[in-house]
Amino acid sequence: MIPPQFDYVRPANLDEALAILRDREGAKVLAGGYSLLPLLKLRLASPEVLVDIGAIAGMDGIAEVEKGLHIGGRATHRSIHENAAVKARYPLLEDAAAGIGDPQIRNWGTMGGSVAHADPSADWPAVLIASRAAINVRSAGGDRWIDARDFFIDSFQTAIEPNEILTEIRVPAPGANAGGAYAKLERRAGDFSTVGVAVQLNLGADGQISAVGIGLTAVAPTPFAATDAEAILMGATPDEATFRRAGDAAAAQSSPTTDAHGPAEYKKAMVSEMVVRALRSAVSRARKQA
Ligand SMILES: Cc1cc2nc3c(=O)[nH]c(=O)nc-3n(C[C@H](O)[C@H](O)[C@H](O)COP(=O)(O)OP(=O)(O)OC[C@H]3O[C@@H](n4cnc5c(N)ncnc54)[C@H](O)[C@@H]3O)c2cc1C
């Protein structure tokens, strides 16, 4: 459990960090360290240099603007959970943040680190997919925005290049009559998800579902959008029968594996159930806004 040797740098600003990533072969970003350090100790990663982004000012802020929420790449799970705008208008984010690990992990772990690490069982990716968030990555040569739905390529693999830093995540404003919820099935409190379902939706003036995003955690090699369920829900009356049909469609689109968390068939059944629960909660929250 002793990590391999590496150099350690703690640049004072983003430009300096990006120059190191450009110039040094085998450089890797270090944020909270809760995913990276175990990999080093198990010798599953052996970077030449760790670029600690902890001293870079302005990367940990959360700001609400008219168009939505701007979350710095180094914002911690805890700072998101405790943010007043999140509590008031982004219940999907509040739900997800509350269920990540334990207080120590929420104190140090970051949204950017979780998203860049792309563990299929991590909670934020499905939330960003459901919310149709955009992710900013920056290199010494400039920056680009990536749709969360295009960001996760495979297990532990994203669209980020080795010379890029994830600097910001933008979650669109929920709009009128909006509701969101994250339903997480875990073996014990604080565990990674066995199944996680993120729902963000709006109700129209007629009470029908006018917009909906659903992201699934831990039931495929990557987090993904349950597009078949979304298609069933769009324009539909938000009743139990529709929720069940959407849940079954999401289960059919998932491809969980049998592991210590349970057999694949059990997980599929749980996808169906957790989609129904997340929809109930999201719709109830949207109705309270109306
Ligand atoms: C016991 C335990 C329980 C946990 N439970 C949960 C849980 O229930 N749900 C959940 O979602 N997660 C859980 N986690 C994971 C935890 O949330 C991690 O903190 C998170 O996944 C990684 O964030 P970090 O800031 O620690 O990143 P780090 O460990 O520092 O980095 C992770 C990876 O991302 C890269 N990286 C980090 N930041 C950036 C950036 N800004 N730009 C580019 N690359 C970057 C690093 O190079 C590294 O490859 C758990 C972890 C532990 C140890």
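In this text, all values refer to a predicted model and were calculated from it rather than measured experimentally. (Residues numbered from 1 in each chain as written. Predicted model: local features only at pLDDT ≥ 70, side-chain atom pairs only at ≥ 80, totals over all residues. Heavy atoms only, no water.)

Student: Looking at this model, I keep getting lost on the sheet that holds strand β3 (residues 49-52). Mind explaining?
Tutor: Here 3 strands make up an open sheet; going across it, the order is β1-β3-β2 and the pairing parallel. Of all strands in the sheet, those bounded by a partner on one side alone are β1 (7-9) and β2 (27-30). This sheet shows a mean twist of 25° between the axes of neighbouring strands, independent of strand direction. Pairing between β1 and β3: 3 bridges, direction parallel. Bridged to Tyr8 within β3 is Leu50. Most of the contacts of helix α1 (residues 14-23) go to β2, to which it runs at about 150°, and overall it touches β1, β2 and β3. (Pairing = 2+ DSSP bridges. Helix = DSSP H or I, 4+ residues; strand = E, 2+ residues; numbered from the N terminus. Axes fitted to C-alpha atoms, helices over the stretch in contact; angles between N-to-C directions. Contact = heavy atoms within 4.5 Å.)

Student: For this particular structure, what's the right way to read the site of the ligand?
Tutor: The immediate surroundings of the ligand are formed by 30 residues, with Val29, Leu36, Thr110, Asp123 and Leu166 found nearest. Measuring from an oxygen atom of the ligand, one finds a backbone N or O atom of Gly33 at 2.8 Å. A distance of 2.7 Å separates an oxygen atom of the ligand from a polar atom in the side chain of Thr110. In the complex, 89% of the free accessible area of the ligand, which totals 970 Å², lies under the protein chains. Elements with a minimum of two residues in the shell around the ligand: β2, α7 (111-117) and β10 (165-172). (Near = heavy atom within 4 Å. Polar contact = N/O pair within 3.5 Å; in protein donor to acceptor, adjacent residues only side chain to side chain. Areas by Shrake-Rupley, 256 points an atom, 1.4 Å probe, with all protein chains shown as cover.)

Student: What is the right way to look at the packing of aromatic side chains in this model?
Tutor: Two aromatic rings are characterised by how far apart their centres lie and by the angle between their planes. In this structure the tally under the stated criterion is 1 aromatic pair. Pairing Phe151 with Phe152 gives two aromatic rings, centres 5.0 Å apart and planes at 75°, and the pair type is edge-to-face. Of the residues examined, Phe152 reaches a relative accessible area of 10% and is grouped as buried. (Phe/Tyr/Trp six-rings, centres within 6.5 Å; stacked < 30°, edge-to-face > 60°. Buried < 20%, exposed > 50% of the residue type's maximum accessible area, 1.4 Å probe, protein only.)

Student: Before we go on, may I ask you to explain the domain arrangement of the chain in this structure?
Tutor: Where interface size is quoted, it is often the accessible area lost as the parts come together. Split by domain assignment, the chain resolves into domain 1 (7-52), domain 2 (62-172) and domain 3 (178-284). On a C-alpha basis, the centres of domain 1 and domain 3 stand 35 Å from each other. (Domains from an automatic or database assignment.)

Student: When you look at the nonpolar core in this model, what are you seeing that I'm missing?
Tutor: Note that soluble globular proteins tend to have their nonpolar side chains buried in a common cluster. Core analysis: the biggest nonpolar cluster contains 36 residues, and Leu93, Val115, Trp124, Phe151 and Ile169 have the highest contact counts within it. Breaking this core down by element, the ones donating at least two residues are β5 (68-72), α4 (84-89), α5 (91-98), α7, α8 (124-131), β6 (134-139), α9 (148-151) and β10. Sort the elements by how many residues they give to this core and α8 lands first, with 6 residues. Mapped onto the domain boundaries, this core takes at least three residues apiece from domain 2 (62-172) and domain 3 (178-284). If we ignore the near neighbours within four places in the chain, the residues touching Leu93 are Leu69, Ile71, Ile80, Val86, Met111, Trp124, Val127, Ser131 and Val171. Residues Leu203, Val212, Ile214 and Val276 belong to the second largest nonpolar core, which totals 33 residues. (Core = buried A, V, L, I, M, F, W, Y, C linked by side-chain atoms within 4.5 Å.)

Student: Is there a simple way to think about a nonpolar patch on the surface in this case?
Tutor: A grouping of Met1, Leu42 and Leu44 is seen on the molecular surface, where their side chains present a nonpolar patch of about 380 Å² in accessible area. Summarising the element assignment, Met1 is placed in the segment before β1. (Patch = residues over 30% accessible without salt bridge, like charges linked within 9 Å, V, L, I, M, F, W, Y side chains within 5 Å. Salt bridge = Lys/Arg side-chain N within 4 Å of Asp/Glu carboxyl O.)

Student: Got a minute to help me understand the sheet that holds strand β14 (residues 224-225) in this structure?
Tutor: Within a sheet, each strand pairs with its neighbour through backbone hydrogen bonds, oriented either parallel or antiparallel. If you trace the 4 strands from one edge of the open sheet to the other, you get β11-β12-β13-β14, paired in antiparallel fashion. Only two strands of the sheet have a single neighbouring strand rather than two, namely β11 (178-185) and β14.

Student: Mind showing me how you'd approach the packing of α5 against α8 here?
Tutor: Look at α5 against α8: their axes get within 10 Å of each other, and the N-to-C directions meet at 175°. Between α5 and α8, the interaxial angle falls into the category roughly antiparallel. Contact residues: α5 offers Leu92, Leu93, Ala96 and Ala97, while α8 offers Trp124, Val127, Ala130 and Ser131. Of the residues that constitute the contact of α5 with α8, the class distribution is 7 nonpolar, 1 polar and no charged. (Parallel < 35°, antiparallel > 145°, perpendicular 65-115°, else oblique. Nonpolar A, V, L, I, M, F, W, Y, C, P; charged D, E, K, R; others polar.)

Student: Explain the environment of Ala246 here, please?
Tutor: Mapping Ala246 onto the fold places it in helix α11 (residues 240-253). Separated by 213 residues in the primary sequence, Ala246 and Gly33 place their C-alpha atoms 37 Å from one another. Other than its neighbours up to four places away in sequence, Ala246 contacts Ala229, Ile232, Leu233, Val275 and Leu279.

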